[in-house]
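# Structure assessment
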Amino acid sequence: MSNHSTLAAPIVLILIGGGWLLSSLGVLPDIDWVWTLGLAAAGVLPFLWGGWNKGTFVTGGFFAAACVMSVLRQTGRLEVKVETPLLVTLLGVLMLAAHHPAIPPLEASASAERE
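Quick summary incoming for the structure in this document. (Residues numbered from 1 in each chain as written. Predicted model: local features only at pLDDT ≥ 70, side-chain atom pairs only at ≥ 80, totals over all residues. Heavy atoms only, no water.)

## Focus: a nonpolar patch on the surface
Definition in use: Note that patches include only residues with greater than 30% relative accessible area and no salt bridge, and the join distances are 9 Å for like charges and 5 Å for nonpolar side chains (Val, Leu, Ile, Met, Phe, Trp, Tyr). Note on areas: Shrake-Rupley with a 1.4 Å probe; residue coverage comes only from the protein chains shown. Any carboxyl oxygen of Asp or Glu that lies within 4 Å of a side-chain nitrogen of Lys or Arg is treated as forming a salt bridge with it. Whether a residue is buried, partly exposed or exposed follows from its accessible area with a 1.4 Å probe, protein chains only, as a fraction of its type maximum: under 20%, in between, or over 50%, in that order.
On the surface, a nonpolar cluster with roughly 390 Å² of combined accessible area is contributed by Leu21, Leu22, Leu25 and Val27. Overall, valine 27 belongs to the exposed group, its relative accessible area being 57%.

Below, the structure written as structure tokens:
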């Protein structure tokens, strides 16, 4: 776990700086990279720190989708009035899907890390 936690910050900074630079040079669309990559990090970090379980499935999946929808909104492909209800609906779908037996409960993930 310590390898993942020590790599996360520099990787996020490289991505933010790279996206910002490419936007400034006109290579990528003008996107708020701090916000967008912060959402992406919030989607990835639960899996890195908590493993695969019902909780990380919901939180990681939600923030990953929020990152994608944020890019779509910032590039004019999605309106806020559509993005917000989509995210609410997605959260409900993720919470329902987390009941699937293939996704381990929180306790199973925590005890597997201790072994």
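What follows continues from the structure just given.
## Topic: the nonpolar core
Test applied: We define the nonpolar core as a collection of buried residues of types Ala, Val, Leu, Ile, Met, Phe, Trp, Tyr and Cys that are connected through side-chain atoms lying within 4.5 Å of one another. Secondary structure follows DSSP: runs of H or I at least 4 residues long count as helices, runs of E at least 2 residues long count as strands, and numbering of each begins at the N terminus.
Leu39, Phe57, Val58, Phe62, Ala66, Cys67, Met69, Leu78, Leu87, Leu94, Ala98 and Ile103 together form the largest nonpolar core, which totals 12 residues. Only helix 3 (54-74) and helix 4 (80-97) provide two or more residues apiece to this core. No other element matches helix 3, which puts six residues into this core.

## Concerning the side chain of asparagine 53
Put simply, the rule reads: Any N or O atom pair separated by 3.5 Å or less is treated as a polar contact, with the protein-specific requirement of one donor-capable and one acceptor-capable atom, and with residues adjacent in sequence counted only for side-chain atom pairs.
Mapped onto the secondary structure, asparagine 53 falls in the loop between helix 2 (33-50) and helix 3. Side-chain polar atoms of asparagine 53 contact the backbone oxygen of glycine 50, separated by 3.1 Å. Polar side-chain contacts of asparagine 53 include one of 2.9 Å to the backbone nitrogen of glycine 55.

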